[in-house]
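Read off the chains here:
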Amino acid sequence: MEAIVLGGGEEAWAGKYGVRSKALVPYRGKPLAAWVLSALKEAGLSAIYVGENPGLSPPPRLTLPDTGSLLGNLEAALAHVEGRVLVATADLPHLTPEAVRFVLENAPQAALVYPIVPKERVEARFPHTRRTYARLREGVFTGGNLVLLDKGLFYQALPLAQKVVALRKKPLALARLIGLDILLKLLMGRLSLPELEARAQRILGLEARALITPYPEVGVDVDREEELVS
């Protein structure tokens, strides 16, 4: 299996470090993206990197230019892989090979597998980080920045993904797409993982599963400059 590392995009605060992309901002002596590439390599994966590459080490198998959009970058990278692929963002400096291996070894057989991390795990390891959490019947979770994806799913789900991106600033329209019943249950903390997976499957047309992981490193990214000191 190969990995795709998404390192495109620009952040205004990255300019303070002489770079345009957040992925190239230095953290403990090397760019954020280098930490991700290192964890993936130690877990036994080669990587395709999308974004500016000034000489990242370890080097990815292939570097592709930033297309200007997340979905465009993913589509460009998927053209160079077959079957199942692990997709990661480039802003996960705490990612470890153990966390990567846990996802690979414990992921259910599904077209889409999305790791989620219990809140208590995040707060125990990163007490000062700020994450967005969802309360489900099974507990309180934050989403990971890794996803196991079947290449065929992306092309089937692309029209929906584009619609979701277009509606991201229109909460009512987005709610209608997902389903008001699901959102109400989520707000009340009564939504279960099987219900959420079933709705995702109905929308996407393919099986989608969540993977509860004890490794908060898969979900703690760098969104703000102050998080570089954590």
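Refer to the structure presented above.
What counts and what doesn't
Residues numbered from 1 in each chain as written. Predicted model: local features only at pLDDT ≥ 70, side-chain atom pairs only at ≥ 80, totals over all residues. Heavy atoms only, no water. Pairing = 2+ DSSP bridges. Helix = DSSP H or I, 4+ residues; strand = E, 2+ residues; numbered from the N terminus. Phe/Tyr/Trp six-rings, centres within 6.5 Å; stacked < 30°, edge-to-face > 60°. Buried < 20%, exposed > 50% of the residue type's maximum accessible area, 1.4 Å probe, protein only. Lys NZ or Arg CZ within 6 Å of the ring centre and 35° of its normal.

Participant: I keep staring at the pairing of strand E9 (residues 139-143) and nothing clicks. Help me out?
Facilitator: Note on strand geometry: in a regular strand, side chains alternate between the two faces of the sheet. Where strand E7 (residues 112-118) and E9 come together, 3 bridges link them in antiparallel fashion. Note that in E9 the partner of Ile-116 across the bridge is Gly-143. As paired elements, strand E8 (residues 134-136) and E9 share 3 bridges and run antiparallel to each other. Within the sheet, the bridge partner assigned to Ala-134 lies in E9 and is Phe-141. Count of turn residues in the E8/E9 antiparallel hairpin: 2 residues.

Participant: Would you take a moment to explain the packing of aromatic side chains for this structure?
Facilitator: Two descriptors summarise a pair of aromatic rings, namely the distance from one centre to the other and the angle between the planes of the rings. Here the structure, examined in full by the defined rule, presents 4 aromatic pairs. Centre to centre, the rings of Trp-13 and Tyr-17 are 6.4 Å apart; their planes meet at 85°, and the pair counts as edge-to-face. Trp-13 gets classed as buried once you look at its relative accessible area, which sits at 15%. Among the residues examined, Tyr-17 registers a relative accessible area of 33% and is labelled partly exposed. Centroid distance Phe-154 to Tyr-155: 5.5 Å. Interplanar angle 80°. Geometry classified as edge-to-face. Under the relative-accessibility criterion, Phe-154 is labelled buried at 6%. Across from the ring centre of Trp-35, 4.0 Å away, lies the NZ or CZ of Lys-30, which sits over that ring. Residue placement shows Lys-119 over the ring face of Tyr-133; its charged tip is 5.2 Å from the ring centre.

Participant: Where do I start with the pairing of strand E10 (residues 146-150) in this structure?
Facilitator: Burial of E10 is extensive: 4 of the 5 residues sit out of reach of the surface. Pairing of strand E6 (residues 84-89) with E10 involves 5 bridges; the strand directions are antiparallel. Bridging from a neighbouring strand, Val-85 pairs with Leu-149 of E10. As judged from the 2 bridges shared by E7 and E10, these two strands associate in the antiparallel manner. Bridging from a neighbouring strand, Leu-112 pairs with Leu-149 of E10.

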